[in-house]
Each structure stands twice: as structure tokens, then as C-alpha cells.
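A structural walkthrough
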Amino acid sequence: MTIRPQSFPLLLALLLGSACAGISAPQEQARSTPANPAERLLELSQSDNRAMQHLRHLTKEIGPRLTGSEHYDRAAQWCVEQFRAWGLDAHLETFGELPLRFDRGPQRGREIAPKTHDLVFQTRSWTRGTQGAVRARCVFEPESAEELTAHEKDYAGAWIVRRARRPRAELRKAIEALLEKTPPAGILSGGGEQLVMSGNPRRPLAELMARPVEIVLRRDHYDEIVASLSAGTAVELEFEIENHIVEGPVACTNVVADLVGSEFPDEYVIVGAHLDSWDGAEGAQDNGTGVCSTLEAARLIASLGVKPRRTLRFVLFGGEEQGLLGSEGYVKTHAQELPRVSAVLVHDGGENPIQGLDVTYAMYADVARVLAPLAALDRDRPVAVHEVMGLLNSEDSDHAPFLHEARAPAFFWNQSETGYELVHHTQLDTFATVSGPDEEHNARVVAVAAFGLAQLDHALDRTDSEALPTRKMGVAGFQDTAVRSVLPEGRAQQAGWQDGDVLLSVDGVAVSGRESLVRAINQGGPRKTIRLRRGATELDTVLDWSDDPDEPERSARAGRREAWLKAHPRP
Ligand SMILES: [Zn+2]
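The structure displayed is predicted, hence computed values, not measured ones.

1. Observations concerning the overall build of the chain
- Secondary structure summary: the chain contains 18 helices and 20 strands in total.
- What you see for the chain is a C-alpha radius of gyration of 27 Å, in line with the 25 Å of a compact globule of 571 residues.
- Here the chain, with 571 residues, has 42% of them falling under the buried criterion.

2. Thoughts on unusual backbone geometry
- Here the amide bond leading from Ala113 into Pro114 is cis, since omega sits at 10°, within 30 degrees of zero.
- The linkage connecting Asp286 with the following residue, Asn287, adopts the cis geometry, with an omega of 5°.
- Examined against the element boundaries, Asn287 turns out to sit in helix H10 (residues 284-302).
- Residue Asp507 is not a glycine yet carries a positive backbone phi of 50°.
- In this structure, Asp507 sits in the loop between strand E17 (502-506) and strand E18 (509-510).
- For Asp507, a count of 14 C-beta atoms within 10 Å puts it in the partly exposed group.

3. Describing the domain arrangement of the chain
- Taken domain by domain, the chain holds domain 1 (1-33), domain 2 (36-99 + 249-455), domain 3 (104-244) and domain 4 (478-549).
- Averaged C-alpha coordinates put domain 2 and domain 4 at centres separated by 33 Å.
- Of the residues lining the interface, 6 residues belong to domain 2; the matching set on domain 4 comes to 5 residues.

4. A closer look at the nonpolar core
- Ile301, Val344, Leu345, Ala447 and Ala450 are the most contacted members of the largest nonpolar core, which has 94 residues in total.
- Among all residues touching Ala450, those that are not within four sequence positions of it are Val269, Val271, Ala297, Ile301, Leu312 and Leu345.
- Listed in part, the 21 residues of the second largest apolar core include Ala158, Val161, Leu188 and Val216.

5. Overview of helix H5 (residues 70-85)
- Compared with the 22 Å implied by 1.5 Å per residue over 16 residues, the 22 Å span of H5 between its first and last C-alpha is a close match.
- Taken together, the buried positions of H5 are occupied by His71, Tyr72, Ala75, Ala76, Cys79, Gln82 and Phe83. In a view along the axis of H5, the buried residues occupy a sector of 135°, so they form one face of it. Exposed residues on H5 whose side chains face more than 90 degrees from its buried face are Glu81 and Ala85.
- On its buried side, H5 packs onto helix H4 (51-62), strand E1 (89-113), strand E8 (236-259), H10 and strand E10 (310-317).
- Looking at the residues trailing H5, positive phi occurs at Gly87, about 95°.

6. Observations regarding the packing of H4 against helix H15 (residues 436-455)
- The contact between H4 and H15 brings their axes to 8 Å, and the two run at 110°. The angle between H4 and H15 places the two elements in the roughly perpendicular class. Residues Ala51, Met52 and Leu55 of H4 pack against Gly436, Glu439, Glu440 and Ala443 of H15.
- Here the contact of H4 with H15 is built from residues that sort into 4 nonpolar, 1 polar and 2 charged.

7. Remarks on the pairing of strand E7 (residues 214-217)
- Of the pairings in the sheet, the one linking strand E3 (residues 121-123) to E7 comprises 3 bridges and is antiparallel in character. When the sheet's bridge partners are listed, Thr123 is paired in E7 with Ile215.
- Examined bridge by bridge, strand E6 (residues 186-190) and E7 share 4 bridges and lie parallel to one another. Its bridge partner being in E7, Leu188 is matched across the sheet by Ile215.

8. Here we look at the environment of Ala298
- For Ala298, the position within the fold is in helix H10.
- Here the alpha-carbon distance between Ala298 and Gln82, two residues 216 residues apart in the chain, equals 9.6 Å.
- Once residues lying within four places of it in the same chain are set aside, the contact partners of Ala298 are Phe83, Trp86, Leu88, Ala257 and Phe314.

9. Some remarks on the environment of Trp545
- Structurally, the position occupied by Trp545 is in the loop between strand E20 (537-544) and helix H18 (551-567).
- Judged by local crowding, Trp545 falls into the partly exposed class, with 19 C-beta atoms found within 10 Å.
- A C-alpha to C-alpha distance of 7.4 Å links Trp545 and Arg471, two positions 74 residues apart in sequence.

10. Comments concerning the pairing of E8
- Two elements, E1 and E8, share 20 bridges in a ladder whose sense is antiparallel. By the bridge assignment for E8, Gly109 is matched with Phe239.
- Pairing analysis gives 4 bridges linking strand E4 (residues 134-140) to E8, with the strands arranged antiparallel. The residue of E8 that forms the bridge with Arg137 is Glu236.
- In the sheet, E8 pairs with E10 via 5 bridges, with the strands oriented antiparallel. Along E10, the bridge assignment pairs Asp258 with Arg313.

11. Concerning the environment of Ala443
- Of note, Ala443 is situated in helix H15.
- Leaving out residues up to four positions away in the same chain, Ala443 has contacts with Ser45, Asn49, Ala51, Cys292, Ser293, Glu296 and Ala297.

Scoring rules and cut-offs
Residues numbered from 1 in each chain as written. Predicted model: local features only at pLDDT ≥ 70, side-chain atom pairs only at ≥ 80, totals over all residues. Helix = DSSP H or I, 4+ residues; strand = E, 2+ residues; numbered from the N terminus. Rg over C-alpha atoms; globule rule 2.2 N^0.38 Å. Buried ≥ 20, exposed ≤ 12 C-beta atoms within 10 Å, placed from the backbone. Domains from an automatic or database assignment. Contact = placed C-beta atoms within 7 Å. Core = buried A, V, L, I, M, F, W, Y, C linked by C-beta atoms within 7 Å. Expected span 1.5 Å × (residues − 1). Arc of directions from axis to C-beta. Axes fitted to C-alpha atoms, helices over the stretch in contact; angles between N-to-C directions. Parallel < 35°, antiparallel > 145°, perpendicular 65-115°, else oblique. Nonpolar A, V, L, I, M, F, W, Y, C, P; charged D, E, K, R; others polar. Pairing = 2+ DSSP bridges.

Listed below in C-alpha cells is the structure:
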């Protein structure tokens, strides 16, 4: 955190050291409270930011929050209570139901022979556990019909170890039929270093219970078992997995909390994040961080004791990980209000510092003004507003349903994915991975943005905000700005790009990551000169979208932008 000269309480706190932690916020405010609520909010977000306190409770006291689980319901109830304690009008809204309630219990696994050690593994959500501790030998899944017949009796009661290459569909069916008649102890397969969570919440109970326990081992543990079996060494494992399943239906809820506006109570600025998580760890990065920036923004704004001009609505969605179920449900239930939603701010990118927003020309001046106090507040965590041709819809979080059919301007905060991509949805997503200063910064940005947007004289201007399809480069993914793989017959291949090329600049402007690259490609005219590095050499290439069917709309928007800027000159 950078110390600003005017940040008196913070400076005082730092000078006095930890002894100052005992001074309550109201006393500090009494000494140096700025009259302007926006300034007070900024000050408070530095001197008394409790985002990590919320996160500790959410992840350590409550834990992971799988949709439809008892843990989810506890978390939702706790969030309602927090909002109410801060003076907001909070309640739960049901958006759907699931056939089962699933809560993961303790799970243990170890190798008994040839050596003894604990195993790192995971099971899918909404799958059954073991009945007590189950100790059994391992057998390879058969690779041929002959092998299946020859070893028919070996599979009953054993841990079936899948090989990297699964048998063909016909043999898989024969194996399944045999295992149904003579059940194994369970099925083992190999994951990666990260065990990525998944699961089908809609499988009926009878079908779920008829399936064998499926265990995914961390890669190194799986590889050791495969090596032993391949060498003819007997392998014995023991697993005890206490998954709790209760037949439903189970109601699924969103948490909705309002700070009702004083001048435009039926206009909304929505601050959102998904409360549900996968249950392989603590759901800290994904999306405890978003929940707690939302909670803390609400607490900070409520503590100002000033009603915002338009209603600030805080929504914690359920079912995001199962396909945006909570936000889809919300936009259906609240369809009538969507024309009066000024903005939706969704935080779902983990703790990495929020870097700002991508907005359209007609919103730019308003959003830039709202975020201006944050631009250079923290030297290590700059916040910037960038202009784009239409709001971007990555389709992968709760902003997406709001953007569909241009129902409401919704934003996914710009954040780097570095580190986050290795942790979220895995056994590694714990509180310990979250940096306090980054998460506090995020809560500060969300609070300042939400309050600032709620205080504007008018709702954000939606002109030309409808998402435009992004210009396709013909590349299967980037690692930062390095091309993972060039697709056949795409524009990149036509321009001579190769796998591993590193993109340096677009029309002379340096690109530093995936976000700035996508922004640069999609801004301005259809012909782009792209400088790239290949080994030790740099070369210029041209990608040209002139024949793309979306270009007429892009150039029409560019024309309207020019006219708009003449009528609304930027300061
Ligand atoms: Zn998420």
C-alpha cells in the first residue's frame, strides 16, 4: 500500500505500529473525517479494511460452498446476517433446485503395500463415498476383450486402475456391465499436479449410488502405482471417503442485499460475485475473494451513514460453477428492472489486483471520473479505464447473463490470471494463497466504483455497448502474448505466424498481456500491423479483417463515436 500524504489515520497507524490497531475507526474518523463521503470511503478503505477478516471466516469457519450443500446454505445465511448487521435490507432468493444435497466429509487414502504412505486424491462432487475404510488390491483396467475374459474374477472388490489410454467404447461398455454385476472397490485414475474439480449435480440418487467410487489421484501418486503394477508388484490401497448425500429437492439461493437509493431508488448499481465454490479446498480465490470484496464494499459504504443516490444492490450468486445458474435465475426474476440497471460489477478473478474496466466511448468519461481517485493511489496496483468498441463478454462468469441481448451493462474486472489459473477449482484453492494487500485493494476498488457509479447524475450511457464478437486471430490460445498454437487456415496462419511466436506490439503500441492484446486487436480499423518475436529475431506481420462480416458495424460505431465525442468533448 502506498502512503498518501493526506492519509492521516493510516500514516498515524503506521507510525504508532500495532498498538494503534486498538483505536476504533469512529475515533480515528472523528479526528480527520473528510466532509465528502467519497473521500471518506477511500480513507476508510485504507484505514479499516476488513476484506481478509471476512475471507478468513468464509473459508476457515465455513469452508467450501458447493451449490446445494449445507455449507452453501450456512455461508448464504452468514452473508445475509452480515449485510443486515451493517444496515442493509438483505434476503435469500431461490433461483432453482437440485435433486440432491451433497456435502463432502473427511477423506483419507493411503498405500498399504508395497510401501506405506498417504495419497493425495480427489473424488468428483455429487458422487458416493466408501462405506467405511475399504482396503483392497489394485488391478489394471483390461485393455482387450481377451484380458477382460481371462481376469474376469479379479475385478470384484478390487481398485481398478485406469490406464492413460482408455479402451474403445465397446470394451468400456463390457467392463461397465461386468462391474455392475460384480462391483469393484472403486476406480482410480490419474489427475495432474492440480486435481481439477468437477461433478454432475443432476444425477438421480439411484443412478449415483449404482456407480462405483471414482478416485482421481495426484499424478505422482498415480504414476507410482502404475509403475508398481507394471513391474508385477502387488499394490494394496485403503480409502475412507465420507461423502454425505441426501435426497432433495434442495432449493438453491442467491443472496440479495440493498442499500436503497435516496434519489433514484428504482435504479440500480449491482455489485456481484458468486458465493458457491467447488469443494476440493476452501474456495478462497474462486470466489471467496469476490464474495469478500462485495461484503467489504457493502460494509464500507454502509458505514458512511449516507444513502447512495441510486440503489446499490449486492448480489452473491449460487450455481455459478454449474453454469451461471444463479445469475441466469436473477436476470429472469428481475427482468423488469434490467432497463434501470446502470452497471453490474462482477469480481470473479481471484486476489490478483484489480486493474480497471473496459468501457465504451459513451461511458468512458463517467467511469474514468469515478475511478480517478484510484488511478495512482497505490503505485503497485494502478487502476485504469480502457475504451473498447462494445462491452466484452467472456461468457465465463455472472456478468454474462446481464450482457446477453444487451439487457444491462455488466463488467468483469480486469485482472491478471497469473497464479490464479493454477489454483482455482483445485485442491490448492486455500485462504493461505490469498495476499491481504491485494484483496484489500480489490475491496477498495469495488467500493469506490460502486459508490461513485451510484452517485452519478445519470445512469451509464448504453449507446453502442452491445457486445461485438471479437476479431478472430486464428490462434488456439495464448500464454500471456505467446501463441500456443496457430490454427490451420486462420488469419494468423495466412500472416505466417508460428507456434511460440511472442506478440510484442499492435500498430506500434506495446502489448503486455492477453487483455491488452485483445483490446488492441479489437480497437480501431481492420488492418493491424503486429510485431512479433521469433527466437532472436523480430518481424512485422499484418492481420486484416476487412472482409469480416462484423466490420461494417465496427466502422458504423467508429463513426458514431466521432460524432458523440464532438458533442461530448472529454475534459
Ligand atoms: Zn469463479
